[in-house]
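Structural overview for review
Residue-level listing of the chains:
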Amino acid sequence: MLLAGGAATGCGGRATTHHKPGTTHEQASGSTGTLLDTQDGGGHRLREVPARGAPGVKLTARPDSEDGWNLQLAVTDFRFTPDSTGGAALPGAGHAHLELDGHALARVYGPWFHLPAAQVSEGAHTLTVRLYADDHTAWAVAGKPVEASVSLTAGPPGETSHSHSAPTPADSAAPSGAPRADRTVTLAVRDGKAVPATGRTEVKRGERVALRVTSDRADTLHVHGYDKELALPAGQEATLVLTADRTGLFEVETHESGLVLTQLLVR
C-alpha cells in the first residue's frame, strides 16, 4: 500500500549513525561488516557483509479481500528488532523500508504489512523492500543493498487490481473509494498524544470496523492480534478496514510514537 558521513541523512532526517542516549557513537555504529561511502536512494550508507550468511528478503503482495494488499516479507538470516532501533548494527537484525516507485512509503518492523489501496494511485508500480540495521545503515552484499521488488497494478479508486472476485451488491452501493464497514472509529495523533484519549471500542464479533486515523507525523499503525498494519503519512488521513472475527481485547498502537490509540474489545 514505509527514507556516513555527518552530512548524510537517515530515517527521519537524522544522521544514519544517530544512537540511543547512553551509548557511544562507536557502540551505535557497531563493528559488523564494512561501512561503505556508497548510499542508497534515501541517503543511508551501505553496510556490506559477506554473501555467506547475509540477510535476505523476498517480497510477496497479495490482494486483501477488504482493502489494498497484504505484503509478506520472507526474510532469511534476519530478525526484526523494533525495540533496538537506533542502537548498534548487530548481525542479521534491524527493520525494513518500503518504497513505491523509489519514494519512501513506510518502515516495517515485522513480516507482514497492510498496504491500503488509497496509498497507491491507479496504474502500474514497483514496490521495493530494503533491509536496514538498527543504526539505519542499509545491509548490502557486493556493494548492492539487500532488497526485493514486485510489480503492483492498482485499478480505479475503490478497486484492487488482480482481485478476480466480482463485487457484491452491497460493495457496488458503497461510494467510490470508500471502504465499506459496519462502523467507523476516528482517531488521531497530535503532539505526541492520542486524540481522543485512549479508551475501549466495543464491537461485535463479525463486524467490519474502519479505523480512520490521522497523525501529525509519519508513523505506522498496528492492530495487535490481527497482525494488520497501516502506513500513516504525516498530516493525511488513512483508513484500515478489518473484520473483527475473533474475540478478545486488542490494542491499536502506533510504532514510532508508541501510543495506544484505542483497545478493540470484541465480544
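Now for a description of the structure that goes with this document. (Residues numbered from 1 in each chain as written. Predicted model: local features only at pLDDT ≥ 70, side-chain atom pairs only at ≥ 80, totals over all residues. Heavy atoms only, no water.)

1. Quick word on unusual backbone geometry
With an omega dihedral of -5 degrees, the bond running from V195 to P196 counts as a cis peptide bond. Here P196 lies in the loop between β14 (193-195) and β15 (199-203). The phi torsion at D77 lies on the positive side, around 50 degrees, for a residue other than glycine. Structurally, D77 is set in the loop between β4 (69-76) and β5 (79-80). Its identity as a non-glycine residue notwithstanding, A142 has a phi of 55 degrees, on the positive side. (Helix = DSSP H or I, 4+ residues; strand = E, 2+ residues; numbered from the N terminus.)

2. Side note on the side chain of T220
Secondary-structure assignment places T220 in strand β17 (residues 219-223). One polar contact links the side chain of T220 to the main-chain carbonyl oxygen of R107, over a distance of 3.5 Å. Setting aside residues no more than four positions away along its own chain, T220 makes contact with R107, F113, E229, L230, L232, E253, T254 and H255. (Polar contact = N/O pair within 3.5 Å; in protein donor to acceptor, adjacent residues only side chain to side chain. Contact = heavy atoms within 4.5 Å.)

3. Examining the side chain of S215
Inspection of the secondary structure assignment puts S215 in strand β16 (residues 208-215). S215 sits in the buried class, given a relative accessible area of 1%. In terms of polar contacts, S215 uses its side chain to reach the backbone carbonyl oxygen of R217, at 2.6 Å. For S215, the contacting residues outside a window of four places in its chain are V189, L232, P233, A234, G235 and Q236. (Buried < 20%, exposed > 50% of the residue type's maximum accessible area, 1.4 Å probe, protein only.)

4. A word on the pattern of salt bridges
A side chain with one charge may pair with a side chain of the opposite charge, provided their charged atoms come close. All chains considered together, the criterion is met by 10 salt bridges. Salt-bridge contacts for R130 lead to D40; the nearest nitrogen and oxygen are separated by 3.6 Å. You can see R130 sitting in strand β9 (residues 123-132) and its partner D40 sitting in the loop between β1 (34-39) and β2 (45-48), a full 90 residues away along the chain. One salt bridge in this structure joins E99 and R130, with 3.0 Å as the shortest N-O distance. Residue E99 is found in strand β6 (residues 93-100), and its partner R130 is found in strand β9; the two are separated by 31 residues along the sequence. On the accessibility criterion, E99 (8% relative accessible area) is buried. For R130, a relative accessible area of 7% gives the class buried. Several salt bridges share partner residues, and in doing so they unite D40, E99, R130 and E147 into one network. (Salt bridge = Lys/Arg side-chain N within 4 Å of Asp/Glu carboxyl O.)

5. Focus on the sheet that holds strand β20 (residues 248-254)
Pairing is mixed in the open sheet, where 5 strands are placed in the order β15-β21-β20-β17-β18. At either end of the open sheet lies a strand with only one pairing partner, and these are β15 and β18 (228-232). Adjacent strand axes in the sheet meet at a mean angle of 20 degrees when their direction is disregarded. One ladder, built from 3 bridges, connects β17 with β20; its direction is antiparallel. The residue bridging L221 from the neighbouring strand is T254, located in β20. (Pairing = 2+ DSSP bridges. Axes fitted to C-alpha atoms, helices over the stretch in contact; angles between N-to-C directions.)

6. Here's the deal with the nonpolar core
Burial of nonpolar side chains together is a common tendency in soluble globular proteins. Counting residues in hydrophobic clusters, the biggest one holds 31 residues, and the most contacted among them are L71, L73 and L127. Those elements that place two or more of their residues in this core are β3 (56-63), β4, β6, β7 (103-108), β8 (112-115), β9 and β12 (147-154). Ranked by the residues each element gives to this core, the list is headed by β12, at 4 residues. V203, L221, L240 and V266 belong to the second largest nonpolar core, which has 23 residues in total. (Core = buried A, V, L, I, M, F, W, Y, C linked by side-chain atoms within 4.5 Å.)

7. A few points about the environment of G123
Locating G123 in the fold gives a position in strand β9. G123 gets classed as partly exposed once you look at its relative accessible area, which sits at 23%. Look past the residues within four positions of G123 in its chain and what remains in contact with it is L152, T153 and A154.

8. Focus on the packing of aromatic side chains
Scanning the entire structure with this criterion turns up 2 aromatic pairs. Note on F78 and F80: the rings are 5.3 Å apart at their centroids and 90 degrees apart in plane angle, and the pair reads as edge-to-face. The two residues F78 and F80 agree in class, both being buried. Centre to centre, the rings of Y226 and F250 are 4.8 Å apart; their planes meet at 70 degrees, and the pair counts as edge-to-face. Of the two residues, Y226 sits in the loop between β17 and β18 while F250 sits in strand β20, which places them 24 residues apart along the sequence. An identical accessibility class is assigned to Y226 and F250; each is buried. (Phe/Tyr/Trp six-rings, centres within 6.5 Å; stacked < 30°, edge-to-face > 60°.)

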